[in-house]
Structure formats: C-alpha cells, structure tokens
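Listed below, chain by chain, are the residues.
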Amino acid sequence: MSSATGLPEGVAAAPVPVAEAGTPAWQRLLLVAGGVILALAPLWLLESFHLFQLTMAVIMALAVLGLNIVTGYNGQISLGHGAFFAVGAYCTAILMSHFDWSFWWTLPVSAAVCATVGFGIGFPALRLAGHYLALTTFALAVAVPQLLKHKAVEDWTGGVQGLFLVKPDPPAFLPVTPDQWIYLVVVSIAAVLFFLTWNLIRGRIGRALMATRDHPTAAEAMGMDIASLKTKAFAVSALVTGIAGSLSAVAIEFVAPDSFTIFVSITLFVGMVAGGVASILGSLFGGLFVLFVPNIAESISKAAPGVIYGIILIGLLFVMPDGFAGLLRRLTARLRRGGTS
Amino acid sequence: MNTTRRSLLLGAGAGAATLALPNLAPAQEAPGVTANEIRIGSTNALSGPVSSYSVISRSHEALFKRLNEQGGVGGKRVNFIVYDDGYQPPRTLEQTRRLVEQDRVAFCFNQLGTPTNSAIHRYMNQRKVPHLFLATGADKWANPREFPWTIGFQPSYRVEAQIYARYILDQKPNAKIGLLYQNDDFGKDYLNGVRDVLGARFDAMVKTATNEATDPTIDSQIVQLQGTGADVLICGIVPRHAAQAIRRVHDMGWRPMFFMTNVSISASVVMTPAGPEKGVGVITSDFRKDQSDPAWANDAGMNEWRGFMRQYLPEGDQNDNNYTYAYAAGLTMIQVLRNCGTDFTRENVMKQATSLAPLELPTLLPGIRVQSQPTNYNVGRQMQLQRWNGRSWERFGNIIEGASV
C-alpha cells in the first residue's frame, strides 16, 4: 500500500526540489523501481501497435521536454521547435541512409548539430523578447520544410521524396521483436535525458534559468550572465528536441518535409501547455496528450475531429489551468495537508 | 511472427466468443475476413490543410453502404474504416498500423497522398498487406518488382507526359520540343515520361528548362526555350506559373504546339487570369468526365452517379470532381472484390487487383478502361486530349495509352 500511495506523491514532487528533500532514501529507491517497472511493463502488456503508439508518445514527450527547458524554465517562447525536431531526424536519416552509419553513432552527431543550431538561434533571441521571439521561431518552423526541399541540399535530404531508413535490429541475445526493441531504446534514451534535465533544473543552473525568466534585472544584478544563460538554454533545449527527432526518424523509418510542417511546432507547444509549463513530469503527460487526444477526438467525431480536439483542449485547460502536472501538484498538496491535520 | 500468430488466435477466439455459437470453423477465415464481413481500411486528411479531399472517403463510405444494402459481395458486407492522418506521414503510419494490427483489416484502399503513402510503402509490403488504388498521381506506385503489394489508380503525371509525347511523334515526327518542368517530383515525372517515349532520340529532340515552385516568374525560361527554335512546348508546372506561361507565349508571338499539365487547367485559376483568348489552342488531357460539361448532362453513366449522389450523399457538392474520382475508384474496388469470388485472402485480393480485366466506368470518359496486369500496375493508363477553344476545353482525337515501361 505504501508503494501505491508513495508513487504519485514522489513523482509529482520530483520537479519541486523542496519537497524532494523530505523524501527518505528508501522511498526514492522504491520510486525509481516503480518507475522502471512502469516503463517496462508495456513490453509485455501491449501488442505491437499500442507499443508503437506508446513509443511515439515517449518521443513526443522528449521533444516537449526540450521545449519546456527553453520556454517553461527560461521563459523564451519558441514556436519553432519542430525545426529542431526536423534537424535531428534528418541528421540521423542522412547518416544512416547515405553513409550506412549505425543508429547509435548518429545520436551524438545529431545532438551536436542540433545544439549548434539551437545556439545559433539563441543569439537573435537575445535581442527579441516575448512575442517577437515567438514569431521569429515560428518563421524558422515555416521555413524548414521548404529548405529541406531546396536544390542545394536535395541530394542529401531526398527532396520531396524524403529518405527511407531501417530501424536497428534487436541484438541477437535479446528475445524481443523489433517493435519491443525500439520501445526499449526510446524509453532508455528518454529516461537518461529526463534524468539529466531534472538534474540540470534542480541545481544552480536551473535556478539561474528560472531567475532569468522571472526577473531578468534582478538576476543580472545577482551576477548572472543572462546572454550566456539564454543561448545555452536554447542549445540544450534544441539538443533534447533534436534527439527526439532522431528517435522519431528510426521509429517511423521515413523522413519527409511533410512530416515536419509548422503543425509539429504547434503540437509540441500544445503538449507543453497541456502537460504543464515548467514541469518535467508535465512533459511526459504532454507527450501522451498530443499522441492520444487526437485519436480520442477522432473516435468521437470523424466529421470534425479538429473541433472535438479543440473542445477537449479548452475543457482541459479550464479544469487544469496549469496542466496535468499542476493538477497533480495540487492534489498531492491537498493529500499532504489532509495527512498532517 | 509470434505476435502475428498469437494475435490471429486472439482475434479468432474473440470472434468465436462474441458469436457464442457452437461453430467449429474459425470465425476469421482470413485476416480481416469473417463469416459475414470484410474489413477494409483507409486513411485520409479528415482534418488539416488538405481536408477538402476527405469527401473521397465520404463517397467510399456511401458506396460501400449501397453495396451492403444490395447484399454485399461474396455473401459478406463491407466494413470500411477510415482514420484521419491530417496529411502528416508519421500519423499515416500510426493510423495504418492501427488498421492492420488492431482493427485487423483485410487490406487498405485509396489512401490519400504521396508523402503519406511513402511512409507506409515499406510497412505494407513487409507485412504483405494489399495497399490498393492509392489516391495520388505519383508514378512510383507502379513498381511490381520491388513493391508487389502496392498499386496506384489514376494515370500518373509520367503516363500523362508519355501520352503527350506519343501524340507529338504522331503529328510532328521531327518536332523540336521545349520542355519546361518544375524541379521536383511532380515536374520530373514529365521529364521521365517524355524520355520513356523518345528513348535515344530524347537528347536530339528535346531542350529542357526548369523552374522552382518559389520562382516569382518563369519568363526567362520561356524566352530561353523559344530561343532554341522549339516548335512544341510541354509544361509541367503549377497553376500560377501556367497562367504566366500561357500569357507570355502568346504575347511574344510564339505559336508552338502547346501542352499544359492537367494539374494546371482550371478555367478560373489558370485560363481566365492568363486571358481566355490567349490560351486558344493549348492542349491538355483528362480521364474523367467533367460534370460541368453540357455534353454529359444526359449521359447514362453520369446520371447513374448523380442518382447515387442524390440518394446517398444529398449534402455532397456535385460540382466537386473528387466525387466523380471517388466513384470510379470505389467501383474499381468493388469489381476486384467481386472477382475474388469467395476467397478474400490477401494473396487472392492482390492477385485480382493486379489482373483486372479492362473495365469502363460511369464517371470516366468513354473508351477509357482501367485495368492491370501482374507486370503493369498502371491501372489508369489512358487519357484523351482536349484543347482550349477560348471558353472551355474541347475533347478531340482518340483515347491514347501511355507507353508501358
């Protein structure tokens, strides 16, 4: 019973470092074990199609996490993270299909390229605040599908046709299907990145990021290098979203400009808001939301799935103005208060 | 393999349990086929920027409804399942996997779009699920050697270009051809189609120029092609550029035999902006009956279609030519199902889909027959030429068939 009540409590507490301090070590261990079981259970419980959907949801969650770093924690609104997602996907696809690289080796390259691009985008971002930055990044997302088709890079990107790649085979010693293997790969990589991000956010750098977001003047007066923080936040954010892109390329085994339209950026933004802005766990919910809610909407009405999706979104934001993560946070707070009184 | 077998057993078990009859035969005769039902899947852009194409799926739903009311096919009713992919390739893969793995459809039919179908091309062929009569004009679907489970439907751009080239060879064997095409998949299909027909003579006969979809004008390309002394001009370009080309060619006093892709022949979007009188003589092609053409006002086939629309899709816009297209594709599908007899295994469905005897359809031009052979997956391969007379397109000459490559 203790594990059942301990799980949501601790998980919700994870993004809030203050609450973490009070959690004893054994509870934390239980939490990690619970998380691992929860992450691995679908391997046996779900059939291949649902496993594939869940794989995609985890990938989207990772992309939302990237966006959350720069928009949620650092307060720089980006409507162009689909561009980083595309760059990551194309890095992996190009290296795998033109150079026969193994998938694993493409990850560091894709991470480096995306971080560099993100760092580059971070610079103009310094001069642009709020809505202007949102529009600039939006323009980036609009441009990327067209740039991918441009004749200068067409030989590499495959132009409108896109590129085909093959997902990595499971190692011979593991008795898993390719779908199970790709799920394992995605979940492991996502777990590492979620952990690293959590580690980054709860520490000195995380506090600096949030201070920059909440009160830049005060942060600067405290001796923080705002320019460097903002550009680096963009770089890390692009890196995380780019790796999500790489994973999506192998999971789908196909990339094309039409896979990375402006809607990807909007979807990520919706996922971030629905999951919870400035919340690590919220990113996970965001990923699940953007993958499953359109399907729910469609099962309600085939005539106008977009309308239903909109209604669900508005309804959720009305009930949970600060996203799933906010709801959980409030619930646990109430539970604790109830427990102590 | 394990999963497939297990899920098959599960499906059969579930089917048997729901029926709750002492039936010794397995409930599922073949993937997606039960004693009284055939499940067929499709994806379409029900939402998003190109959702105007979603009427194609509406039409199929209505057509299968009519079929079921008339007793179905092979003693079974058709259960047609459509999912929305929003024209996003990753969603197409997701939804197609749902159709194949969760809904266990027998096969997929008339899924919309080139990038979207590209994303599932390999999946369908690896799984050996028939991927039938796709709603896209790309040429790559007719590749029986590498992708035996995928087959297209309408004449591809490449077939269209082959038809122009054949007509040119027939009329002007010594023509000097100027070919202007957009530098992408769409445009390159015209290059390939002309090359298919001319073969070794291509280099001697054809001078090419290309443009980008983003170019503001294409004047310089037109001037360049005129400068080569060409007396025939073929254009594989989008409507905006087509209007410019028609006007420019006329204004500079050049009078070539002028072929325009049938993507860019709309009277309101291309001909009127170009100046209706400037486009007189421009040649294009079609395979459908144009419902606005008075010639078909009392046509038996079109009246059959209008009756179907009135009865099953009373709210559908009869001026939308996606409906005539869908009616033709749907009837082709039904013919294939009829040819299957009572054997609806994936192997037999694919066999029947790829050996379809020439079939005339009510909404296609008289004389045009859809067909397929195991070695030729171009289902629509014939078109008729038509010429702009200043007010409308006028059909002329015989039905022409593309070269088989």
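Residues numbered from 1 in each chain as written. Chains lettered and ligands numbered in written order. Predicted model: local features only at pLDDT ≥ 70, side-chain atom pairs only at ≥ 80, totals over all residues. Heavy atoms only, no water.

A. Representation of the overall build of chain B. Secondary structure assignment for chain B yields 13 helices and 16 strands. The globule rule puts the C-alpha radius of gyration for 405 residues at 22 Å, and the 23 Å found for chain B is close to it. With the principal axes as the frame, chain B shows a C-alpha extent of 80 × 45 × 35 Å. Of all 405 residues assigned to chain B, the portion counted as buried reaches 58%. Across chain B, the fraction of contacts at a sequence separation of at least 24, relative to all contacts at a separation of at least 6, is 67%. About 16,200 Å² of surface is accessible on chain B, with carbon and sulfur atoms providing 49% of the total. One finds the centroid of the 42 positive side-chain charges in chain B at a distance of 4 Å from the centroid of its 37 negative side-chain charges. (Helix = DSSP H or I, 4+ residues; strand = E, 2+ residues; numbered from the N terminus. Rg over C-alpha atoms; globule rule 2.2 N^0.38 Å. Buried < 20%, exposed > 50% of the residue type's maximum accessible area, 1.4 Å probe, protein only. Contact = heavy atoms within 4.5 Å. Areas by Shrake-Rupley, 256 points an atom, 1.4 Å probe, with all protein chains shown as cover. Lys, Arg positive; Asp, Glu negative; His and termini not counted. Charge placed at Lys NZ, Arg CZ, Asp CG, Glu CD.)

B. Focus on the nonpolar core. One finds A:I59, A:L62, A:F85, A:I243, A:L247 and A:V255 to be the most contacted residues of the largest nonpolar core, which totals 91 residues. Per-element accounting of this core gives the leading share, 17 residues, to helix α4 (residues 48-73) of chain A. B:I163, B:Y327, B:M350 and B:I400 belong to the second largest nonpolar core, which has 90 residues in total. (Core = buried A, V, L, I, M, F, W, Y, C linked by side-chain atoms within 4.5 Å.)

C. Spatial organisation of the domain arrangement of chain B. All names here are of chain B. Considered domain by domain, chain B is made up of domain 1 (5-155 + 299-374) and domain 2 (157-286 + 384-401). Relative to domain 2, the C-alpha centre of domain 1 lies at a distance of 34 Å. Domain 1 puts 8 residues into the contact, and the matching count from domain 2 is 8 residues. On the domain 1 side of the contact with domain 2, D139, P155 and L365 bury the most area, a combined 56% of that side's loss. At the boundary of domain 1 and domain 2, one finds 1 salt bridge. For D139, the salt bridge identified is with R158, shortest N-O distance 2.9 Å. In this assembly, domain 1 and domain 2 are joined by 2 residue pairs in polar contact (both at pLDDT 80 or more). Looking at the side of domain 1 that touches domain 2 residue by residue, the class counts come to 5 nonpolar, 2 polar and 1 charged. (Domains from an automatic or database assignment. Buried area = accessible area lost by both parts, 1.4 Å probe. Salt bridge = Lys/Arg side-chain N within 4 Å of Asp/Glu carboxyl O. Polar contact = N/O pair within 3.5 Å; in protein donor to acceptor, adjacent residues only side chain to side chain. Nonpolar A, V, L, I, M, F, W, Y, C, P; charged D, E, K, R; others polar.)

D. Representation of the pattern of salt bridges. The final tally for this structure, using the stated rule, is 18 salt bridges over all chains. B:R97 is paired through a salt bridge with B:E101; the nearest N and O atoms lie 2.8 Å apart. Of this pair, B:R97 and B:E101 both sit in helix α3 (residues 89-102), 4 residues apart, which is roughly one turn of that helix. Classification of B:E101 by relative accessible area gives buried; the value is 7%. Residues joined by salt bridges that share partners form a network here, namely A:K167, A:D179, B:R97, B:E101 and B:R127.

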